[in-house]
Number of protein chains: 2
Amino acid sequence: MKPSVTRRSLLILVLAVGVAIGVRAAAQSDPLPAWNDGPAKKAIVDFVQATTTQGNPQFVPAEERIATFDQDGTLWVEQPVYSQIMYCLDRVPAVVKAKPELAEVEPFKTVMSGNREAIAKLSMKDLEKILVATLTGMPTEEFRAEAKKWLETARDPRWKRPYTELTYLPMHDVLKYMRANGYRTYIVTGGGQDFVRVYAEQVYGIPPEQVVGTMGGTKFGYDKAGKPFLLKEPRLLLNDDKAGKPEGIHLMIGRRPRAAFGNSAGDREMLEYTKAGDGARLAMLVLHDDATREYAYGPAQGLPDSKVGTFTQALYDEAKQKGWVVISMKNDWNEVFPPTTVGATTR
Amino acid sequence: MKPSVTRRSLLILVLAVGVAIGVRAAAQSDPLPAWNDGPAKKAIVDFVQATTTQGNPQFVPAEERIATFDQDGTLWVEQPVYSQIMYCLDRVPAVVKAKPELAEVEPFKTVMSGNREAIAKLSMKDLEKILVATLTGMPTEEFRAEAKKWLETARDPRWKRPYTELTYLPMHDVLKYMRANGYRTYIVTGGGQDFVRVYAEQVYGIPPEQVVGTMGGTKFGYDKAGKPFLLKEPRLLLNDDKAGKPEGIHLMIGRRPRAAFGNSAGDREMLEYTKAGDGARLAMLVLHDDATREYAYGPAQGLPDSKVGTFTQALYDEAKQKGWVVISMKNDWNEVFPPTTVGATTR
């Protein structure tokens, strides 16, 4: 076996030298290429460097390197409607087909009418009925398959691209940069945990076990052939929004994050919880102030309030007071979206 | 900078050669030294080799390598009483001190009496009252500190060792072997998720985010100084036992395990769920048949039923029928516990 060891050692040597050169090249190149130089970019780089440099007073041991990211409005577009709501509305015809009696029952009747104005006016209570009807009552694997199919075909009305392509390139930079420095990156979203898990691994490189979302109960049972399955139940375990975000983080991760990224009042408690820990902590908020490349909304910049992702004046004031870093989409990002992929142009 | 790169490359070369030699040494040495040769050991090694060898029809991609382990009776001693119950009983005096009116109220009165026979006879309902009083109502960090303190001082009555040392050496072998082969090892326990998280990282090398246990709700709030904290509430989110185990796995991991280890009827659904997936799956059960070195209990071997960790005859029959591998503690393990550490002998 000796010759084999020698060959292997040589191979590893070649790889190691390659890695050494690669490490150096990466250190010299920009870790956040889609970011313009400025306080936001500097805050991220300074934080990562300080917390991962042995001997730095702000050094964080590898096991404690946890970074949490809101999804809607922080990692991808949330306007004009959360894409999960689009999924639920698009699923209504199938639900009505399976239960024809719903065709004459509100809010399903309104959704089936196709009247966009009326649909936009549906109340929160109506939306909840639609969510329950379209997100529960089926085995987890059936739900997964349906959601996957929809994500492959659905298109954002403005960009005509799959929702999964309307993610923010600069935030991909942050995810990759933090992971390259030993951080485990988690999504912490008000969206459905099972829904986001369907695409998070492919889209963000975030595996299912690192998706914390609004959680519903499941019920273990057996099908007719005796094969076990989990049925998605209309039973809310945790609404992973506002105060629910730190609660969800404790439940799913059991550690306080070192860094947290959000964009709305729904992320406030997550950022507060993150910053309340000892040592180095980073809290950042994406401000949507780019009407040309994306959207501009929220009272914090004197714009009318939005149904989704509200960056309130109170949140803005708290951020300034507590040293949370506000990211200006307009000024801090030199690109917003990843380049259109071949897949996207041919579809 | 060129000389620096060269020095770095040389250093990495030395390390790489060291690693290459180390890898070879490990491959030649026994990955499961505390196991005797036999069908159980063979099942583990065969499974790991098949699922991690590129080109093998049973190969499992790295991201899907999830292995779940029950704790009580699978990773450590569960007789005569789950150690978490001991913690709760030991905490009763402090609870009564804080709320003196409980001294005359059952079941607290019985616990305070110190009458072991009476305590052993407490009903499930009484135990639940004690669990709620001792595991909830405090901030998560206060609970963590209390549990940590107890674990450092409490001793198992038979071995006079800390509970955290009464873990099974052969199962440490399995945890390390699977992790060395890219498996993420999770605890999936009926015990309290927050309780097990206090020691799982130090004891098993399993981080908090890989502990799935019985889950209670928390409530986010602020203390008098305005600092946020999470209060442990007496609100059960998921009882992570029996059917709750696959439900907890879906909630916390979102993937079906490739391998699952248990020891009682409480693990049955987890093993069924694991084996119901496609491709290579491993299901194993620890049978406590070693009255000399540990305990012998459970109807599966004609022994009287136990209050905890019941290896029922039905479970034994299902295991045999479905090809789940039964581990005989007596025959398959050449050691049961890790050697007494210096810490343990001096304490």
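Just so it is clear, the structure is predicted and the values come from calculations on it, not from any experiment. (Residues numbered from 1 in each chain as written. Chains lettered and ligands numbered in written order. Predicted model: local features only at pLDDT ≥ 70, side-chain atom pairs only at ≥ 80, totals over all residues. Heavy atoms only, no water.)

## Let's talk about the packing of aromatic side chains
All names here are of chain A. Summed over all chains, the structure comprises 32 aromatic pairs over all chains. On the basis of an interplanar angle of 75° and a centroid distance of 5.9 Å, the ring pair of W35 and W333 is categorised as edge-to-face. Linking W35 in the loop between α1 (2–28) and α2 (39–52) with W333 in the loop between α13 (329–332) and α14 (342–346), this pair joins segments that are 298 residues apart in sequence. Taken individually, W35 and W333 each receive the classification buried, so the pair is uniform in this respect. The ring of Y295 has R158 lying over it, and the distance from NZ or CZ to the ring centre is 4.8 Å. (Phe/Tyr/Trp six-rings, centres within 6.5 Å; stacked < 30°, edge-to-face > 60°. Helix = DSSP H or I, 4+ residues; strand = E, 2+ residues; numbered from the N terminus. Buried < 20%, exposed > 50% of the residue type's maximum accessible area, 1.4 Å probe, protein only. Lys NZ or Arg CZ within 6 Å of the ring centre and 35° of its normal.)

## Description of the sheet that holds strand β2 (residues 184–192) of chain B
Residue and element names in this part refer to chain B. Ordered in space as β4-β3-β2-β1-β5-β6-β7, the 7 strands form an open sheet in which the pairing is mixed. Every other strand in the sheet has two partners, leaving β4 (228–238) and β7 (325–328) as the edge strands with one partner each. Taking each pair of neighbouring strands and ignoring which way they run, the sheet shows an average axis angle of 35°. Bridge count between strand β3 (residues 211–222) and β4: 7 bridges; the pairing is antiparallel. (Pairing = 2+ DSSP bridges. Axes fitted to C-alpha atoms, helices over the stretch in contact; angles between N-to-C directions.)

## Details of the sheet that holds strand β1 (residues 66–69) of chain A
Residues and elements named next belong to chain A. Taking strand neighbours across the sheet as the criterion, the 7 strands line up as β4-β3-β2-β1-β5-β6-β7 in an open arrangement whose pairing is mixed. Taken across any chain shown, the strands that pair with only one partner, and hence form the sheet edges, are β4 (228–238) and β7 (325–328). Pairs of neighbouring strands in the sheet enclose a mean axial angle of 35°, with direction left out of account. Two elements, β1 and strand β5 (residues 259–262), share 3 bridges in a ladder whose sense is parallel.

## Quick notes on the pattern of salt bridges
One side chain can pair with another of opposite charge once the charged atoms of both are near each other. Residues and elements named next belong to chain B. Within this structure, the stated rule accounts for 48 salt bridges over all chains. We note a salt bridge from D194 to K232, for which the minimum N-O separation is 2.6 Å. Here D194, found in helix α9 (residues 193–204), pairs with K232, found in strand β4; they are 38 residues apart in sequence, far enough to count as distant. (Salt bridge = Lys/Arg side-chain N within 4 Å of Asp/Glu carboxyl O.)

## Focus on unusual backbone geometry
Residue and element names in this part refer to chain A. Here the amide bond leading from E106 into P107 is cis, since omega sits at 0°, within 30 degrees of zero. Locating P107 in the fold gives a position in the loop between α3 (83–98) and α4 (108–113). Of note in this structure, K160 is not a glycine but carries a positive phi near 55°. Positionally, K160 belongs in the loop between α7 (140–153) and α8 (169–180).

## Overview of the packing of helix α9 (residues 193–204) of chain A against helix α10 (residues 244–252) of chain B
One can describe the packing of α9(A) onto α10(B) by two numbers: an axis separation of 10 Å at closest approach and a directional angle of 60°. In terms of orientation, α9(A) lies oblique with respect to α10(B). Across the interface between the two elements, A:Q193, A:D194 and A:R197 from α9(A) touch B:H250, B:L251 and B:M252 from α10(B). Here the residues of the contact of α9(A) with α10(B) are counted per class, giving 2 nonpolar, 2 polar and 2 charged. (Parallel < 35°, antiparallel > 145°, perpendicular 65-115°, else oblique. Contact = heavy atoms within 4.5 Å. Nonpolar A, V, L, I, M, F, W, Y, C, P; charged D, E, K, R; others polar.)

## Observations concerning helix α3 (residues 83–98) of chain B
Residue and element names in this part refer to chain B. Here α3 is 16 residues long and its end C-alpha atoms lie 23 Å apart, about the 22 Å a rise of 1.5 Å per residue gives. Of all the bends in α3, the greatest reaches close to 35° and is centred on V92; the proline P93 follows between one and four positions later. Within the sequence span of α3, burial applies to S83, Q84, I85, Y87, C88, L89, V92, V95 and V96. The elements touched by buried residues of α3 are α4 (108–113), α5 (116–120), α6 (124–135), α7 (140–153), β2 and α9. (Expected span 1.5 Å × (residues − 1). Bend = angle between axes of the 7 residues up to and from the residue.)

## Details of the side chain of B:T167
All names here are of chain B. Position of T167 relative to the elements: it lies in the loop between α7 and α8 (169–180). Here T167 falls in the buried class, since its relative accessible area comes to 1%. Beyond its immediate chain neighbours, meaning those up to four positions away, T167 contacts L75, W76, H172, V203, Y204, V336, F337 and P338.

## Side note on the packing of helix α11 (residues 268–275) of chain B against helix α12 (residues 313–322) of chain B
Residue and element names in this part refer to chain B. Between α11 and α12, the least distance of the axes is 12 Å, while the angle of their chain directions is 15°. Between α11 and α12, the angle is such that the two are roughly parallel. Judged by the twist between their axes, the crossing of α11 over α12 is left-handed. Touching R268, E272 and K275 of α11 are L315, E318 and K322, all from α12. Considering only residue class, the contact of α11 with α12 consists of 1 nonpolar, no polar and 5 charged. (Left-handed = near helix turned anticlockwise from the far one by under 90°.)

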